[in-house]
Amino acid sequence: MAQRVFFFDCDKTLYDYDFRKRLPALARLSGVSQYRLAKEWWEGGYESAANIGEYSTSEEYLATFAEVTGHALTLDEWQESRHAAMTPIPGAIAALERTLTLGTVSLLSNNPIPFKDSFPVLAPEVAPLLGQNDLVSAVLGAEKPERRIYTRALGRYGVPADHAMLIDDSAANCAGAREVGMSAFHFTKAADGSFDIDGLNHAIDEFVAATA
């Protein structure tokens, strides 16, 4: 019988993520205004390029940041600004821990190489659970919801699509996973700030039953 693989997104799935906290922290640490960072780095397409692996090392990413903004940034500073935007979602992390007994569990996140290199620092609650199963788009050369990222992730584990499940906060990413034959659960946050933990656990149970 084929193994099961559970792919968890990170931002807004395992960790609540608030860019409005990251940008001010990055501005303070780098000496570059929030406006310039948003305009030159993000709108300029450099973060998107990093997410699909254009910069193959953290050093290359940081060198490009310095070239674009005119200000150097250390990896420790990058980590500090990124971590400022992340808050653990205990129920989602508990669900991930439960799936460890049900199959292989992996991250599948749209993020650059510094994120992968920094994952134990950024996600100390999750990194020990995943070990080396910390796939990011920069390694796979494509971002969700592109078809290639799913097929390449499946290939890493040698599992058929119908034995893989994605848990992700993006409806588009979930749709992309379903298009290649995977199961997917759209993880949502209510207006009151609560997350659909019950729905997540129910979806995991349904997937396990379907692949028994």
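Throughout what follows, the structure given in this document is the object of discussion. (Residues numbered from 1 in each chain as written. Predicted model: local features only at pLDDT ≥ 70, side-chain atom pairs only at ≥ 80, totals over all residues. Heavy atoms only, no water.)

1. As for the side chain of His163
- Along the chain, His163 turns up in the loop between helix 10 (147-157) and strand 6 (164-168).
- Overall, the relative accessible area of 14% leaves His163 in the buried class.
- A polar side-chain atom of His163 sits 3.1 Å from a polar atom in the side chain of Asp162. (Helix = DSSP H or I, 4+ residues; strand = E, 2+ residues; numbered from the N terminus. Buried < 20%, exposed > 50% of the residue type's maximum accessible area, 1.4 Å probe, protein only. Polar contact = N/O pair within 3.5 Å; in protein donor to acceptor, adjacent residues only side chain to side chain.)

2. Describing the layout of surface pockets
- In this structure, the largest pocket occupies an estimated 380 Å³ of space.
- Residue lining of the largest pocket: 20 residues in total, with Asp11, Tyr17, Asn51, Asn110 and Asn111 positioned closest to the centre.
- Considering each element in turn, the lining of the largest pocket owes the most residues, three residues, to helix 3 (residues 46-51). (1 Å grid on protein atoms, 1.4 Å probe; cavity = no way out; pocket = protein on both sides within 12 Å on 5 of 7 lines; lining within 4 Å. Points joined across faces, edges and corners; volume = space filled by probe spheres on them.)

3. Considering the pattern of salt bridges
- What the rule picks out here adds up to 12 salt bridges.
- Asp168 is the salt-bridge partner of Lys144, the closest N and O atoms lying 2.7 Å from each other. Note that Lys144 is positioned in the loop between helix 9 (137-140) and helix 10 and Asp168 in strand 6, a separation of 24 residues in sequence.
- Among the residues examined, Lys144 registers a relative accessible area of 4% and is labelled buried.
- Residue Arg148 is joined to Glu146 by a salt bridge in which the shortest nitrogen-to-oxygen separation is 2.5 Å.
- Taking the relative accessible area as the measure of exposure, Glu146 reaches 31% and is therefore partly exposed.
- Each of Asp9, Lys144 and Asp168 takes part in salt bridges that share partners, so that together they form one network. (Salt bridge = Lys/Arg side-chain N within 4 Å of Asp/Glu carboxyl O.)

4. A few points about the sheet that holds strand 7 (residues 183-186)
- Across the sheet, which stays open at both edges, the five strands sit in the order 5-4-1-6-7 with parallel pairing between neighbours. Each edge of the sheet is formed by a strand with only one pairing partner; in this case those strands are strand 5 (134-136) and strand 7. Within the sheet, the average angular offset between the axes of one strand and its neighbour, ignoring direction, is 25°.
- Note: strand 6 against strand 7, four bridges, orientation parallel. Residue Leu166 lies in a different strand from strand 7, and its bridge partner there is Ala184.
- Set on the sheet, helix 12 (residues 197-210) makes contact with strand 1 (5-8), strand 6 and strand 7; between it and strand 6 the angle comes to about 170°. (Pairing = 2+ DSSP bridges. Axes fitted to C-alpha atoms, helices over the stretch in contact; angles between N-to-C directions. Contact = heavy atoms within 4.5 Å.)

5. Details of the packing of aromatic side chains
- Under the definition given, this model contains 10 aromatic pairs.
- Here Trp41 and Tyr61 contribute two aromatic rings whose centre-to-centre distance is 5.4 Å and whose plane-to-plane angle is 75°, an arrangement assigned as edge-to-face. Highlighted residues: Trp41 in helix 2 (residues 34-42) and Tyr61 in helix 4 (residues 58-69), separated in sequence by 20 residues.
- Taken together through their ring pairs, the aromatic side chains of Trp41, Tyr46, Tyr55, Tyr61, Phe65 and Trp78 make up a single cluster. (Phe/Tyr/Trp six-rings, centres within 6.5 Å; stacked < 30°, edge-to-face > 60°.)

So far we have only geometry, and geometry alone does not tell us how the molecule works.
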